[in-house]
Amino acid sequence: MSNSVPSRLGLVNATGTGYNDLFLKVFSGEVLATFGRENLMMAMTTTRTIGSGKSAQFPVTGTIASGYHTVGNEIVGTQVKHNEKIIMMLGLSTQKKWVSRFQKRLTNIYFS
């Protein structure tokens, strides 16, 4: 293992000497609990799981500018771009990294 390059999880942009700069000040479990409690839009958000097959298709609707109406002026329509997004399940994605056990314990993040 003499050629290993450890990934310093607490180091900003992989440079400098502040090895603990990015570690959480608040345990991530508290953050996730607060998110679940305070997120009012979660019940109105559509979530999907790809149960079978290899892709999922979603409609994409563009955005348009808004403005104020002036009395007497005609309100005319604006073209809105529409398309679709297909998310493909291409297989298991991997990356090459090595993180020490000590660094894992400092982050409060679950690593498998």
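What counts as what
- Residues numbered from 1 in each chain as written.
- Predicted model: local features only at pLDDT ≥ 70, side-chain atom pairs only at ≥ 80, totals over all residues.
- Heavy atoms only, no water.
- Helix = DSSP H or I, 4+ residues; strand = E, 2+ residues; numbered from the N terminus.
- Buried < 20%, exposed > 50% of the residue type's maximum accessible area, 1.4 Å probe, protein only.
- Areas by Shrake-Rupley, 256 points an atom, 1.4 Å probe, with all protein chains shown as cover.
- Salt bridge = Lys/Arg side-chain N within 4 Å of Asp/Glu carboxyl O.
- 1 Å grid on protein atoms, 1.4 Å probe; cavity = no way out; pocket = protein on both sides within 12 Å on 5 of 7 lines; lining within 4 Å.
- Points joined across faces, edges and corners; volume = space filled by probe spheres on them.
- Nonpolar A, V, L, I, M, F, W, Y, C, P; charged D, E, K, R; others polar.
- Patch = residues over 30% accessible without salt bridge, like charges linked within 9 Å, V, L, I, M, F, W, Y side chains within 5 Å.
- pLDDT = per-residue confidence, 0-100.
- Contact = heavy atoms within 4.5 Å.

1. Structural notes on the overall build of the protein
Point 1. In terms of helices and strands, the protein carries two helices and two strands.
Point 2. Each helix (α) and strand (β) of the protein, taken in turn from the N terminus, gives the series α-β-β-α.
Point 3. Counting only residues that meet the buried cut, the protein has 8% of its 112 residues in that class.
Point 4. When the accessible area of the protein is evaluated, it comes to approximately 10700 Å², of which 56% is carbon and sulfur surface.

2. Describing the pattern of salt bridges
Working definition: two side chains of opposite charge can pair if their charged atoms are close together.
Point 1. For the structure shown, the criterion picks out one salt bridge.
Point 2. Its salt-bridge partner being Glu 38, residue Arg 37 comes within 3.4 Å of it at the nearest N-O pair.
Point 3. Its relative accessible area of 56% is what places Arg 37 among the exposed residues.

3. Some remarks on the layout of surface pockets
Point 1. There is about 260 Å³ of room inside the largest pocket.
Point 2. Contributing to the lining of the largest pocket are Ile 64, Ala 65, Ser 66, Gly 67, Tyr 68, His 69, Thr 70, Asn 73, Glu 74, Ile 75, Val 76 and Thr 78.
Point 3. Across the lining of the largest pocket, the residue classes break down as five nonpolar, six polar and one charged.

4. Looking at a nonpolar patch on the surface
Point 1. Residues Ile 50, Ile 87 and Met 89 make up a contiguous nonpolar surface patch of roughly 250 Å² in combined accessible area.
Point 2. Note on placement: Ile 50 falls in the loop between helix H1 (28-38) and strand E1 (55-61).
Point 3. Taking relative accessible area as the criterion, Ile 50 reaches 31% and is therefore assigned partly exposed.

5. Notes on the confidence of the model for the protein
Point 1. Taken over all residues, the pLDDT of the protein has a mean of 76, while the share at 70 or more is 81%.
Point 2. When mean pLDDT is taken per element in the protein, strand E2 (residues 82-88) scores highest with 84 and helix H2 (residues 101-107) scores lowest with 72.

6. What to know about the environment of Thr 61
Point 1. When you line up the elements, Thr 61 lands in strand E1.
Point 2. The class of Thr 61 is exposed, set by a relative accessible area of 53%.
Point 3. Taking the C-alpha atoms as reference, Thr 61 lies 6.2 Å from Lys 81; in sequence the two are 20 residues apart.
Point 4. Excluding residues within four positions of it along the chain, Thr 61 makes contact with Val 80, Lys 81 and His 82.

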